[in-house]
Amino acid sequence: MTLFSVEGKTVVVTGGSRGIGKMIAAGFAGAGATVYISSRKKDELEATAAELGCRAVQADLSGPEGAETLVEAVSAHEDRLDVLVNNAGASWGAPLDEYPDHAFDKLWNVNVKGVFLLTQRFLPLLRAAATPEDPARVINIGSVDGIRVPSMDSYAYSATKAGVHMLTRHLAGRLARESITVNAIAPGPFDSKMMAFLLDDPATRSMVESTVPLGRIGRADDMAGTAIFLASRAGSYLTGTVIPVDGGITAHG
């Protein structure tokens, strides 16, 4: 169905070598898009790129140098970018009395500043792809922990993911006039490195599942499908939204 087609689009997925980023990259690649994935770890990145048929760019997006590396690598092969998925992120958990100052610095740089810098640097390619009939798309990966108060001691993570949601709305308001939409996906529990400490243990996995109204952990198709929807003609009239993909968690406060 052409309504949900992303065939022929050029897509960049940061943090695309594993977890949610890999789920999204696999969905786009399987749907006929040209996909670039980035991450810090070369071996893991290249293995995923070979598995999915993507193009790999090693880049550390915690600073502007990494953003420039990724933009230059993509620009060397492409004159337009249809979809930018800002998925690269970091988390940090520690008890309140022991929570370190530098956790806020690290997570701010990766989770919020990194999203802004990369979107800013990719604007020339996004503008080249954008038309009123088929806007260019920016999809930011936030979190349900940026919507509701999490039960874990992840203060910098929840604060920065809330920041991602507001940055999404702010950029959407500015870029709508240029036919670039900006939306966010707020995942609930999915199998990823960030959730492995809970989901790899059968007992705690069952506990997490019991908190989800739909009764299960998110699947790869749940994440890929939402991203493809936002990038397709079906999602062209959405901008400034934050879509919880969480099995109903945030609907229950």
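See the structure printed just above.
The text that follows walks through the structure, step by step, so that each part is easy to find. (Residues numbered from 1 in each chain as written. Predicted model: local features only at pLDDT ≥ 70, side-chain atom pairs only at ≥ 80, totals over all residues. Heavy atoms only, no water.)

Within the secondary structure layout, Asp-145 lies in the loop between strand 5 (136–141) and helix 6 (155–175). A relative accessible area of 10% places Asp-145 in the buried class. Polar contacts involving the side chain of Asp-145 include one to the side chain of Arg-148, which spans 3.2 Å. (Helix = DSSP H or I, 4+ residues; strand = E, 2+ residues; numbered from the N terminus. Buried < 20%, exposed > 50% of the residue type's maximum accessible area, 1.4 Å probe, protein only. Polar contact = N/O pair within 3.5 Å; in protein donor to acceptor, adjacent residues only side chain to side chain.)

The subject of this paragraph is the packing of helix 1 (residues 19–30) against helix 9 (residues 220–231). At a minimum axis distance of 8 Å, the contact between helix 1 and helix 9 shows a crossing angle of 60 degrees. As judged from the angle between their axes, helix 1 and helix 9 are oblique. As helix 1 packs across helix 9, the resulting crossing turns out to be right-handed. On helix 9, the residues that touch Ile-20, Met-23, Ile-24, Gly-27 and Phe-28 of helix 1 are Ala-220, Met-223, Ala-224, Ala-227, Ile-228 and Ala-231. (Axes fitted to C-alpha atoms, helices over the stretch in contact; angles between N-to-C directions. Parallel < 35°, antiparallel > 145°, perpendicular 65-115°, else oblique. Left-handed = near helix turned anticlockwise from the far one by under 90°. Contact = heavy atoms within 4.5 Å.)

What follows concerns the sheet that holds strand 5. Across the sheet, which stays open at both edges, the seven strands sit in the order 3-2-1-4-5-6-7 with parallel pairing between neighbours. Pairing within the sheet leaves two strands with one partner each, and these edge strands are strand 3 (55–58) and strand 7 (242–245). Along the sheet, successive strands turn relative to each other by an average axial angle of 20 degrees, direction set aside. Where strand 4 (residues 83–86) meets strand 5, four bridges bridge the pair, whose relative direction is parallel. Note that in strand 5 the partner of Val-85 across the bridge is Ile-139. Its contacts with the sheet place helix 4 (residues 101–121) against strand 1 (10–14), strand 4 and strand 5, and it is angled at close to 165 degrees to strand 4. (Pairing = 2+ DSSP bridges.)

What follows covers the packing of aromatic side chains. One pass over the full model with this rule turns up two aromatic pairs. When the centroid spacing of 5.7 Å and the interplanar angle of 70 degrees are considered together, the rings of Tyr-99 and Phe-104 count as edge-to-face. A relative accessible area of 12% places Tyr-99 in the buried class. Here Phe-104 falls in the partly exposed class, since its relative accessible area comes to 38%. Where Tyr-99 meets Tyr-155, the ring centres are 5.3 Å apart and the plane angle is 85 degrees; that geometry is what we call edge-to-face. Of the two residues, Tyr-99 is situated in the loop between strand 4 and helix 4 and Tyr-155 in helix 6; the sequence distance between them amounts to 56 residues. Clustering of aromatic rings is evident, with ring pairs tying together Tyr-99, Phe-104 and Tyr-155. (Phe/Tyr/Trp six-rings, centres within 6.5 Å; stacked < 30°, edge-to-face > 60°.)

None of the figures reported here should be taken as evidence of function without further support.
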